[in-house]
Each structure stands twice: as structure tokens, then as C-alpha cells.
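# Descriptive structure summary
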Amino acid sequence: MARVNSAASIEGYLSARMLARPRLRRVETPVETPAIGASLEPQVLEDLSEEKFVRFAEQDPARLVELIRSNSLLRPALLTFAAEAAGRIANTALVVGALLPLLGHADPVVREGAVYGLEPHLEASLEAREALRSMVAREPSPGVKAAVNDALAILD
Amino acid sequence: MVQRLVVRLGRRKTAWEKTDPREIADVEFQDRSTGGLDLRPSVYVITAEPADLRPLVVRVRAEHSASFMSPPRPVGTLEFNVDGATTAQLQPSAGETKFQYANSIHAELLLQSIDELLALIATLRLERDARAISVSGNDVLAYVDARQAANDPEWTAIVGPAGAEQGEWGAAVVSFRRKRDNAG
């Protein structure tokens with residue numbers, strides 16, 4: 001994950017995405033097109049997005065869970081939306097099994113997304129509820145802590 | 001006196017805990033359909049008397065969430081007033097929500113480069129106290145309650161009439177409402 005989080009890879013990613021992005025509706029706007037960075041990550045070439053994660057959750061949940069479990073392939077800014085979309089999957093055991101490890105992710109953006117993904121399954125999963133309760137005291141991020149408290153408050 | 005907010009709705013509260021504008025951009029200005037950066041980010045232009053501004057931010061958040069949030073839930077979020085934070089042109093454009101009001105005030109910021117986006121984010125971080133607008137899940141839920149009680153046709157199309165909720169958002173609203181009432 002450190003490599004994905006490095007400033008160099010982020011800049012390479014940002015530049016590459018601006019070139020890769022379809023802009024059919026927006027051709028009238030002048031857009032700077034920086035050169036592709038040298039440190040392209042493999043996932044840059046795969047067109048993953050929040051909308052695609054939601055489609056996976058509805059049509060191919062196993063694919064979404066596979067992507068989440070191999071989370072080193074997704075940068076945190078995508079993994080957080082993949083985790084949230086997983087909340088749509090009906091199989092609570094599948095969702096909880098995929099998302100609980102993300103509660104320990106180094107990036108708070110990912111942990112926040114995991115909380116949102118777990119939220120629809122909290123009533124059905126004692127394991128998920130206990131995991132959230134146990135992380136409150138040690139959670140350093142105010143945003144994640146707020147999300148966890150919101151999720152738990154409506155259950156207690 | 002009428003005032004204006006140009007509201008960019010937030011995605012992740014934790015994104016704004018980061019210090020690197022590039023990392024914030026990657027989360028908060030990520031295109032939902034491509035996963036890439038959005039140099040024409042959606043905003044909502046709210047013009048109203050000062051006392052009405054915040055209720056309208058809640059309205060826009062509720063309408064936007066009910067149109068796009070998946071899985072559905074009334075949830076706390078961190079929005080930003082970007083008015084005056086960038087020199088980028090503001091271009092009205094048709095919104096794609098399920099609500100006439102939100103669509104009617106939708107616009108896009110025409111950012112010319114990644115650097116311009118990063119400068120905008122730097123300004124928002126610097127002026128966070130004046131520009132951040134926190135909306136709670138209960139704010140959204142209370143708004144939905146009121147619209148249902150008023151038999152608002154746009155809302156009843158999504159959540160169903162009061163007492164006969166339907167669909168994903170209807171089920172979510174019932175669940176959150178029950179939990180809120182139990183907690184309260």
C-alpha cells in the first residue's frame with residue numbers, strides 16, 4: 001500500500017486518469033492534458049469506479065469481494081467506495097468477512113468506507129457490531145470515530 | 001439580504017483529515033462513473049435569505065443522497081461552500097437527481113487543470129472553519145419525515161407514503177427512523 005500512497009504514484013495516477021477519462025459530454029472545455037506519469041499502477045488500466053462497484057454488488061458480488069480482498073490492487077480512494085458498495089450485497093457473512101479486515105486499514109478513508117459498508121449488516125451480525133464497538137476506543141480518526149458512533153448509536 | 005452558497009457535497013469526512021491536496025482530490029473529486037479526477041465537479045448554487053441557507057443545504061443533501069447514495073442511508077456528511085474559493089467559471093447544467101429543485105440549481109465548476117483543483121482544495125482546507133457545513137444523518141431524516149408528512153410527490157415516489165414505505169430508500173428510512181426513535 002505504501003507504494004500506492006506515495007506522492008509520486010499519486011501524481012502519476014492523477015495525470016494518467018485525466019488522459020484516460022472519457023469526456024464525451026465535455027469536449028467544449030479546455031482541459032490541461034499532462035503527460036502520463038512513469039509510475040502507472042496496474043489498476044489504472046482497469047476502468048474501476050464507484051458506479052462499477054455498485055454494479056458488481058448487484059450483478060457479480062463475488063467479483064466485488066474478490067477486489068476488496070485483494071485490496072493491494074485498489075488504491076485507498078477506490079477501496080473506500082468498493083467497501084461502501086459491498087453493503088448492498090445481501091449475503092451478510094460474505095460482506096462482513098470482506099470488510100472486517102478493512103477496519104484495520106492504515107488509511108482512515110478506507111476504514112470510513114468499511115463502516116458504511118458494514119452498516120446495513122449490523123443488525124444481522126454480532127461479529128460486526130462487536131468489531132465496531134471494540135474499535136471506538138482506539139480509533140485515532142475523528143471522522144471514522146464519528147461514523148462508527150453514528151452506526152452504533154442507532155443500534156443501542 | 002439574499003446570500004449565495006456554492007455547495008460541493010462531500011464524500012468522506014476523513015478525506016479532509018489528510019494534508020495532501022492530491023489525496024483529498026482523489027477521494028472528494030473522484031468521478032463516480034470513471035474513477036478518475038473530475039475537473040468539472042458538480043455543485044449546487046443556493047441563493048436565499050441567511051436563515052434559509054442551511055435548511056436548503058440539508059434539502060440538497062437529502063435530494064442528492066436519495067438519488068445517488070448506495071446503499072441508501074441518511075448519514076452525516078461534510079459539505080463545503082466553494083463560492084469565491086476559485087476563479088473557475090461556474091456553469092449551470094442540468095442536474096441528474098430525481099428532484100426538480102436540486103436539478104434546477106445544479107452547476108459545474110469548470111476547472112482548467114489539476115493544479116487549479118489542488119489550489120481550490122488548499123483554499124478549502126485553509127478556510128475550513130468558514131466554509132465547512134456539517135450535515136447530520138438526523139438532519140436528513142428529519143427532512144425526509146417532513147416531506148413525507150407533506151405528501152411531497154417526489155419523495156413519496158422514492159420512499160412511499162408515510163406508513164407504507166417502499167423501495168430501498170423506504171426500507172432504509174423506516175429502519176433509521178425506528179432506531180432513532182428507540183435511541184431518543
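A brief look at the structure comes next. Given the structure is predicted, the values throughout are model-derived calculations rather than measurements. Numbering of residues starts from 1 in every chain and runs along the sequence as written. Naming scheme: in the order in which they are written, chains are lettered from A and ligands are numbered from 1. For this predicted model, a pLDDT threshold of at least 70 governs which residues receive local features, and a threshold of 80 or more governs which side-chain atom pairs are given and counted, while totals over whole chains, interfaces and linings are taken from all residues.

We count a stretch as a helix when DSSP gives it H or I for four or more residues in a row; a strand needs E for two or more, and each element gets its number in order from the N terminus. When you go through chain A residue by residue, the secondary structure sums to 9 helices and 0 strands. Element order for chain A, N to C, with α for helix and β for strand: α-α-α-α-α-α-α-α-α. The buried share of chain A, reckoned over its 156 residues, is 46%. By the convention adopted here, residues make contact when the C-beta atoms placed from their backbones lie within 7 Å. Within chain A, counting contacts between residues at least 6 apart in sequence, those at least 24 apart form 61% of the total. Labels follow a simple rule on C-beta atoms placed from the backbone: if 20 or more others lie within 10 Å of a residue's own, it is buried; if 12 or fewer, it is exposed; otherwise it is partly exposed.

Moving on, we get to the overall build of chain B. Assigned secondary structure in chain B consists of 8 helices and 6 strands. Beginning at the N terminus, the succession of helices and strands in chain B can be written as β-α-β-α-β-β-α-β-α-α-β-α-α-α. Structurally, chain B occupies a C-alpha span of about 50 × 35 × 30 Å along its principal axes. Within chain B, the proportion of its 184 residues that are buried is 45%.

A separate point is the packing of helix α8 (residues 126–136) of chain A against helix α9 (residues 142–153) of chain A. All names here are of chain A. Between α8 and α9, whose axes approach to 10 Å, the crossing angle comes to 135 degrees. Accordingly, the angle class assigned to the pair α8 and α9 is oblique. Relative to α9, α8 is oriented so that their crossing is left-handed. Mapping the contact onto sequence places L132, R133, M135 and V136 in α8 and K145, V148, N149, A151 and L152 in α9. Per-class residue counts for the contact of α8 with α9 are 6 nonpolar, 1 polar and 2 charged. Helix axes are fitted only over the stretch in contact, all axes being lines through C-alpha atoms; the angle between N-to-C directions runs from 0 to 180 degrees. Comment on the angle field: the value is read as roughly parallel under 35 degrees, roughly antiparallel over 145, roughly perpendicular from 65 to 115, and oblique elsewhere. Handedness of a crossing follows from how the near helix is turned relative to the far one, being left-handed for an anticlockwise turn of less than a right angle and right-handed for a clockwise one. Nonpolar residues are Ala, Val, Leu, Ile, Met, Phe, Trp, Tyr, Cys and Pro. Charged residues are Asp, Glu, Lys and Arg, and all others, Gly as well, are polar.

Right, let's talk about the environment of B:P72 for a bit. All names here are of chain B. Secondary-structure assignment places P72 in the loop between α2 (50–68) and β3 (77–81). For P72, a count of 24 C-beta atoms within 10 Å corresponds to the buried category. When the C-alpha positions of P72 and E168 are compared, they lie 6.7 Å apart, and in sequence the two are 96 residues distant. Residues within four places of P72 in sequence aside, it is in contact with E168, W169 and A172.

All names here are of chain A. Each nonpolar core reported here comprises buried Ala, Val, Leu, Ile, Met, Phe, Trp, Tyr and Cys residues connected via C-beta atoms within 7 Å. Membership of the largest hydrophobic core comes to 84 residues, with the highest contact counts inside it found for L64, A82 and A86. The greatest single-element share of this core, amounting to 8 residues, is contributed by helix α5 (residues 76–86). In contact with A86, not counting residues within four places along its chain, are A57, L64, V65, I68, V95, A98, L99 and G117.

Now for unusual backbone geometry. One non-glycine residue, B:N151, lies in the positive phi region at around 55 degrees. On the basis of neighbour counts, which here come to 10 C-beta atoms within 10 Å, the residue B:N151 falls in the exposed class.

Another point: the sheet that holds β3(B). Residue and element names in this part refer to chain B. Pairing between strands is defined by DSSP: at least two bridges between them are needed. As summarised here, the arrangement of the 6 strands in space is β4-β5-β2-β1-β3-β6, forming an open sheet in which the pairing is antiparallel. Strands at the two margins of the open sheet, each flanked by one partner only, are β4 (89–92) and β6 (132–135). Strand-to-strand twist in this sheet, taken as the mean axis angle between neighbours without regard to direction, amounts to 40 degrees. Pairing geometry for strand β1 (residues 3–8) and β3, over 2 bridges, is antiparallel. Directly across from V7, in β3, lies its bridge partner N81.

What follows concerns α9(A). Expected helix span is given by 1.5 Å per residue-to-residue step, counting one fewer step than there are residues. With 12 residues, α9(A) extends 16 Å from end C-alpha to end C-alpha; this agrees with the ideal 16 Å at 1.5 Å per step. If you follow the buried residues of α9(A), they end up packed against α7 (108–118) and α8 of chain A.

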